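Residues per chain, in single letters:
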Amino acid sequence: MTEKFRLETIAKISKYAQGANGWTTEYSFKLVNRFLRGKSILEMGPAEGLMTKFLYDTGLNLTIVEASESFCLDLTKKYPNAKVTNSLFEDFNPEKKFDNIILGHVLEHIEDPKLLLQRIKNWLNPNGLVLCAVPNSRSLHRQAAVLMGILDFEEALNEADKHHGHRRVYNPETFRSEFLSSGYKIVFFGGYWIKPFSNKQCEETHSPEMIEAFMQLGERYPDISAEIFIAASVK
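Residues numbered from 1 in each chain as written. Predicted model: local features only at pLDDT ≥ 70, side-chain atom pairs only at ≥ 80, totals over all residues. Heavy atoms only, no water.

### Comments concerning the overall build of the protein chain
A tally of helices and strands in the protein chain yields 10 helices and seven strands. If one aligns the C-alpha atoms of the protein chain with their principal axes, the spans along those axes are about 50 × 35 × 35 Å. Buried positions account for 49% of the 235 residues belonging to the protein chain. Intrachain contacts of the protein chain at a sequence separation of at least 6 include 72% that bridge at least 24 residues. Accessible area of the protein chain: about 11400 Å², with a carbon and sulfur share of 53%. Computed over 28 positive and 30 negative side-chain charges, the separation of the two mean positions in the protein chain equals 5 Å. (Helix = DSSP H or I, 4+ residues; strand = E, 2+ residues; numbered from the N terminus. Buried < 20%, exposed > 50% of the residue type's maximum accessible area, 1.4 Å probe, protein only. Contact = heavy atoms within 4.5 Å. Areas by Shrake-Rupley, 256 points an atom, 1.4 Å probe, with all protein chains shown as cover. Lys, Arg positive; Asp, Glu negative; His and termini not counted. Charge placed at Lys NZ, Arg CZ, Asp CG, Glu CD.)

Right, here's the structure in full:
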């Protein structure tokens with residue numbers, strides 16, 4: 001199976017726009033927005049474009065690269081002033097450099113994260129930042145799943161990981177190491193969303209006020225938050 005075919009197949013059954021995923025994307029933009037600089041953004045692998053909406057509304061020049069043709073068609077219709085390119089990351093060669101490169105839930109999907117991180121260093125302007133978020137294997141709900149015998153260990157792929165096409169689950173140490181070993185300086189490491197239950201259980205029991213509170217608690221305790229976030233610059 002080619003990577004292009006694999007990603008198009010995943011796109012047809014994507015659930016990233018459903019339920020709790022929307023909460024996490026909206027909150028992750030709050031972190032991203034604190035670090036945005038300059039005039040240009042490259043968003044890599046936006047899928048349905050949950051983050052794209054918020055990035056588009058900043059008014060900064062937005063370029064998008066997405067491997068799924070069907071997602072690209074939708075993104076082009078929704079965001080006419082953005083430049084949308086249908087390409088694998090490995091084949092993408094931008095004509096300009098960027099002030100911000102957004103990797104929202106990307107590194108857990110791709111075959112060689114380090115190779116990608118090394119490539120995109122050349123796409124950053126001198127003062128540019130890579131802004132990246134991934135799921136955290138040390139999240140409370142994953143730790144509980146291990147204790148309950150649902151997961152063999154924290155980094156094991158659960159059913160949701162497999163559905164989304166994840167190849168790995170990072171913990172805080174491996175996430176930071178991916179950037180440091182690729183020649184980056186970590187400007188900021190943090191997290192969001194203390195998540196004690198599965199997405200479905202949270203969707204059934206959490207009010208909007210609870211969602212916001214638990215998102216904020218994740219910033220206080222990033223090592224056990226459901227999502228971890230890095231802002232990094234080239235050394």
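### Section: the sheet that holds strand S7 (residues 227–234)
Spatially, the seven strands line up as an open sheet ordered S3-S2-S1-S4-S5-S7-S6, and their pairing is mixed. Every interior strand has two partners, whereas the edge strands, strand S3 (83–86) and strand S6 (184–192), have only one. If you compare each strand with its neighbour and ignore which way they point, the axes differ by 15° on average. The sheet contact formed by strand S1 (residues 40–44) and strand S4 (residues 98–104) spans four bridges and is parallel. Its bridge partner lying in S4, Glu 43 is registered against Ile 102. Across the face of the sheet, helix H5 (residues 113–120) comes into contact with S1, S4, strand S5 (124–135) and S6 while running at roughly 165° to S4. (Pairing = 2+ DSSP bridges. Axes fitted to C-alpha atoms, helices over the stretch in contact; angles between N-to-C directions.)

### Describing the pattern of salt bridges
The final tally for this structure, using the stated rule, is nine salt bridges. The closest approach of N and O atoms between Glu 173 and Arg 176, which form a salt bridge, is 4.0 Å. Placement of the pair is Glu 173 and Arg 176 together in helix H8 (residues 172–180), with a separation of three residues, close to one helical turn. Accessibility expressed as a relative area gives 25% for Arg 176, which makes it partly exposed. Three or more residues joined by partner-sharing salt bridges are found here, namely Arg 138, Glu 154, Glu 173 and Arg 176. (Salt bridge = Lys/Arg side-chain N within 4 Å of Asp/Glu carboxyl O.)

Geometry only, nothing functional implied.
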